[in-house]
Amino acid sequence: MPNRLRTLISGYGATWTIKRRVVIVALAIAALLAVAGIAAWFTGQNSQRHEADTPSATNSTAPSMDPTSTAPAPGTGSVAKPPQISEPVAYAKAAAAMLWSYDTRTTSRDQQLAGMQAWMTKESKYADWASVSGQVPDPLLWSRLADQDQHATATVTEAHFPTAFKQALADDPSAITQAYVYVVTANGKQTIAWKKGGGGAEDRAITLAVQCRPQHDCSLAAIAPTVTQ
């Protein structure tokens, strides 16, 4: 396999998660001390992003999906269905496994996005779809990965509330009760394989914003730009 293509293939699940993230969880942690600011921050970020985004060669064909709109059925292609879990750490572990897993042999890029969107919160002011959909390569790269039958599985070894989040909750336990958005960091391993026995594995870590309202199943709100331990 040409070196350039090998680099592209191994990059999905690594460099893409860094390049395409947006700042959410870091500010969400700080905003827990004045949680009324979370909604305004999310709304402002989404508004600014829509104004700033312009079509490009790499993302012009990406579907413009809103978590509040009608989406295809969950579990599209190889993407796992969101579990009915009301505990944020457990849900974050399942979400991390979903984000680190894919199969270009059986799933189109649009199917991957549709399956991932099914995990999102339906409360648009807390949902940052761009930070989640940005995990998926652009159409050209996805097609190259599919040419090589690339697929990945994931094992999540543990997940926890970051220290800063726990301290914010300790300082003001009632702050969570407006948005019920929890910050969770998950750690694990991603195993990637492609044609002719190619493959590899690497340790992975991700920080997620998970919404878990009382008496409701959890949902995914956003992915942090950096990992917070």
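Novice: Teacher, can you tell me more about the sheet that holds strand 1 (residues 102-103) here?
Specialist: Sheets are built from strands that pair by backbone hydrogen bonding, the pairs being arranged parallel or antiparallel. The strand order across the open sheet built from 5 strands is 1-2-3-4-5, with neighbouring strands paired in antiparallel fashion. In the strand order of this sheet, the two ends are held by strand 1 and strand 5 (219-223), each with one partner. Where strand 4 (residues 199-211) and strand 5 come together, 4 bridges link them in antiparallel fashion. Note on strand 5: the bridge partner recorded for Ala 209 is Ala 222.

Novice: Looking at this structure, how should I read the layout of surface pockets?
Specialist: Picture a little ball the size of a water molecule; that probe, rolled over the atoms, points out where space is still empty. Each pocket or cavity is described by its volume, and for the second largest pocket that value is around 250 Å³. Taken together, the residues that form the lining of the second largest pocket break down as 8 nonpolar, 4 polar and 4 charged.

Novice: Would you mind showing me how to read the pattern of salt bridges here?
Specialist: Side chains that carry opposite charge are capable of pairing whenever their charged atoms lie near each other. Under the defined criterion, the tally for this structure stands at 3 salt bridges. The partner of Arg 213 in a salt bridge is Glu 123, with the nearest N and O atoms 2.7 Å apart. Here the residue Arg 213 occupies a position in the loop between strand 4 and strand 5, and Glu 123 occupies one in the loop between helix 6 (109-117) and helix 7 (129-133), the gap between them amounting to 90 residues. The class of Arg 213 is partly exposed, set by a relative accessible area of 23%. With a closest N to O distance of 4.0 Å, Glu 202 and Arg 204 form a salt bridge.

Novice: So what exactly am I meant to see when it comes to the state of the cysteines here?
Specialist: In a disulfide, the sulfur atoms of two cysteines are held together by a covalent bond. Enumeration over the complete set of coordinates arrives at 1 disulfide. Note on cysteine connectivity: Cys 212 is disulfide-linked to Cys 218, with sulfurs 1.9 Å apart. What sets the handedness of the Cys 212 and Cys 218 disulfide is the S-S torsion sign, and at about 115 degrees it is right-handed. The exposure classification of Cys 212 matches that of Cys 218, with both residues buried.

Novice: What exactly am I supposed to notice about the environment of Pro 88 here?
Specialist: If you trace the backbone, Pro 88 turns up in helix 5 (residues 88-99). Here Pro 88 falls in the buried class, since its relative accessible area comes to 8%. Each C-alpha atom of the pair Pro 88 and Tyr 180 lies 9.8 Å from the other, and the pair is 92 residues apart in sequence. Setting aside its immediate chain neighbours within four residues, Pro 88 contacts Phe 161, Tyr 182, Val 184, Val 210, Cys 212 and Cys 218.

Novice: I tried to follow the nonpolar core on my own but got confused; where do I start?
Specialist: Proteins that are soluble and globular tend to have nonpolar side chains buried together. Formed by 38 residues in total, the largest nonpolar core has its most connected members in Leu 99, Val 132, Ile 206 and Leu 208. When residues of this core are traced back to their parent elements, those giving at least two are helix 5, helix 6, helix 7, strand 2 (151-160), strand 3 (181-193), strand 4 and strand 5. Per-element tally for this core: the top contributor is helix 5, with 7 residues. Beyond its immediate stretch of four places on either side in the chain, Val 132 contacts Leu 99, Met 116, Met 120, Leu 220, Ala 222 and Ile 223.

Calculation rules
Residues numbered from 1 in each chain as written. Predicted model: local features only at pLDDT ≥ 70, side-chain atom pairs only at ≥ 80, totals over all residues. Heavy atoms only, no water. Pairing = 2+ DSSP bridges. Helix = DSSP H or I, 4+ residues; strand = E, 2+ residues; numbered from the N terminus. 1 Å grid on protein atoms, 1.4 Å probe; cavity = no way out; pocket = protein on both sides within 12 Å on 5 of 7 lines; lining within 4 Å. Points joined across faces, edges and corners; volume = space filled by probe spheres on them. Nonpolar A, V, L, I, M, F, W, Y, C, P; charged D, E, K, R; others polar. Salt bridge = Lys/Arg side-chain N within 4 Å of Asp/Glu carboxyl O. Buried < 20%, exposed > 50% of the residue type's maximum accessible area, 1.4 Å probe, protein only. Disulfide = S-S within 2.5 Å. Contact = heavy atoms within 4.5 Å. Core = buried A, V, L, I, M, F, W, Y, C linked by side-chain atoms within 4.5 Å.

The values are spatial; any link to function lies outside them.
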